[in-house]
Amino acid sequence: MKYKSQAVAKPYFIAAMGLFVAQILFGLIMGLQYVIGDFLFPHIPFNVARMVHTNALIVWLLMGFMGSAYYLVPEEAETELHSPKLALILFWIFLVAAALTVIGYLAVPYATLAKITGNDLLPTMGREFLEQPTITKIGIVIVALGFLYNLSMTFLKGRKTAIASVLMLGLWGLAIFFLFSFYNPHNLVKDKFYWWWVVHLWVEGVWELILGAILAFVLIKVTGVDREVIEKWLYVIITLALVSGMVGTGHHYFWIGAPEFWQWWGSIFSALEPVPFFAMTLFAFNMVNRRRREHPNRAATLWALGTGVMAFLGAGVWGFLHTLAPVNFYTHGSQITAAHGHMAFYGAYVMVVLTMISYAMPLMRGRAANSNKAQVVEMWAFWLMTVSMVFITLFLTAAGILQVWLQRVSDTPLSFMATQDQISLFYWMREAAGLVFLIGVVTYLVSFFIKGEERAA
Amino acid sequence: MDTTINPRPVSAGVEPHLHGDLAIWFFIIAELLAFGVFFVAYAVTRAFNVEAFNAAQAGLNLNLGALNTVLLISGSWCVVRSVQAARADLQVQAVRWMAVALACGVGFLIVKVIEYRAKFAAGLTMDTDTFHMFYFSLTFFHFMHVVLGVCVLTILLFKLRRGAYGSHDVHGLETGAAYWHMVDLAWIVLFPLVYVMR
């Protein structure tokens, strides 16, 4: 760690990991509810479990991005963080708000939560992924503004590298597109149209900038390859990602009442979305092959390579599977979407945050890398999580294909619930793979507490 | 793989090598892929609606399209001459050729705007029919590339005037030139496909 203030990243990473565990536990609960419908009912109904599962994911990834940015920007700018104190205050505000929101989800019915939090004054609740009470959303904006102020001041006073610029652009974009969560028109077509400006333009737009910047940063550190080379790749990748991803928003406009040309624009541009992810994989492997040093943190290198491959498979290949309008006509909102969602979020965003944590955490704890023993355990965690995620994806894909066939293609289509009964075997297998994933998460956490001979930073 | 192709002296032309930066070639491949997918989609859709497409296509202004083709091909040739002049350290010529190339690019944009205005005045939009959806999508997508290309040529022109390129270094110049040729190439396929072929 080059600058003392980079240490503010640590609480963010720890909180992120805590929420990660919560996310997985709720995932397992709802995974079980797919096959045992009244499991934990009425205490944790399916819709609440789902809300906690997805919201915890988003919040912990945001925590991870913030921690990564607090670590990355000072080092790239070669200066201390503008205000470490502000970063810590915002951390606690964010954490308490997130905790209160989750308690709200679990303690009272959603409609009551909406009433208590004054949703009537400015209605923003009740939409998938944007379920947070309006006051929580306002809190998120305040935290994001403080965070961006802090980092922008740091960025402006220091060295301006391409990596830091791309990261800042991504973070500002993240905050700006979140503002569309406050726009909640009565017209359902318009509502959905702009809802995607948050949801899609986050994960297939500005988040990719954050992903690219973090990956590039870690690759420079672990491979020692020239910054010029890495930055050039970064530029190409983010340009491709932005062009394909932004127009690719059209793949959400096929059936919601938007003009018909979106079926063409959406299909064609989103068919190109795998390209930047493929470039990212090439990039990561290429840089590691050309490495100029053997960095003692081999686990971080493994995470970085894994990010490239899994993001390409999950976001690229599994996204392409159902992105063309004629295919999506049948697969829309089926388990194929769930398969894609799981592997894409894991491969792109979970893994890049874990890459950064893997690289930065030992440095913040005063060593270049963890002991060999700890790294071996961490790599076990990598494989347990990654392989089980591959199986979760495959089982959900199988469930999805069967679902589409029975419910939508067949001459004698079954109802939704009758179809669900037919595919329950795959849900059971997904749940088993989910348990292995949990074991992977626990193994990962255990790796932080394993001692052994360490190399000084 | 060599991603940092250093400025090469002109004399080192014995072995075949990639002109311009490797990164731009990845970019060009991706761009051509985008155009390619669009072209294939057009061709396949047309194959199922030949008569409707032919009827709608008859409304296109072939002369303006042909004029634009001439402008782009001439522009590409001027860029080639500019690069050759720069390699031979003929700075004045290099600047002149680049200025003419830039004028061709700007000319293309003006002609295209005239063409679009006529279409809008006739009440045609992307929603008119499938042919016009493709016509507007493809030409506008290409139009945006020409806009970017014109920006690139402008930068190259200023750098040439400052003497940034010569026998010592044509790397950046060749990189920008490669992009401009791609814009040209895409139009050379687009024009016959959308305007001419019946």
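A brief structural summary. (Residues numbered from 1 in each chain as written. Chains lettered and ligands numbered in written order. Predicted model: local features only at pLDDT ≥ 70, side-chain atom pairs only at ≥ 80, totals over all residues.)

Let us look at the overall build of chain B. Counting its regular elements, chain B contains six helices and zero strands. Its helices and strands in sequence order give chain B the pattern α-α-α-α-α-α, from N to C terminus. Over its C-alpha atoms, taken along the principal directions, chain B stretches across nearly 55 × 35 × 20 Å. Within chain B, the fraction of its 198 residues that count as buried is 33%. (Helix = DSSP H or I, 4+ residues; strand = E, 2+ residues; numbered from the N terminus. Buried ≥ 20, exposed ≤ 12 C-beta atoms within 10 Å, placed from the backbone.)

Cis geometry marks the peptide bond from A:Phe41 to A:Pro42, where omega comes out at 5°. You can see A:Pro42 is positioned in the loop between α1 (9-33) and α2 (46-77). Phi is positive for A:Leu40, which is not a glycine, with a value near 65°. Among the secondary structure elements, A:Leu40 is positioned in the loop between α1 and α2. Of note in this structure, B:Asp89 is not a glycine but carries a positive phi near 60°. Checked against the element boundaries, B:Asp89 lands in the loop between α3 (62-87) and α4 (91-121).

Here we come to α4(B). All names here are of chain B. An ideal rise of 1.5 Å per residue puts 45 Å on 31 residues; α4 measures up with 45 Å between its terminal C-alpha atoms. Buried residues of α4: Ala94, Val95, Trp97, Met98, Ala101, Leu102, Cys104, Gly105 and Phe108, and no others. Downstream of α4 by a residue or two, Gly123 has a phi angle that is positive, lying close to 80°. (Expected span 1.5 Å × (residues − 1).)

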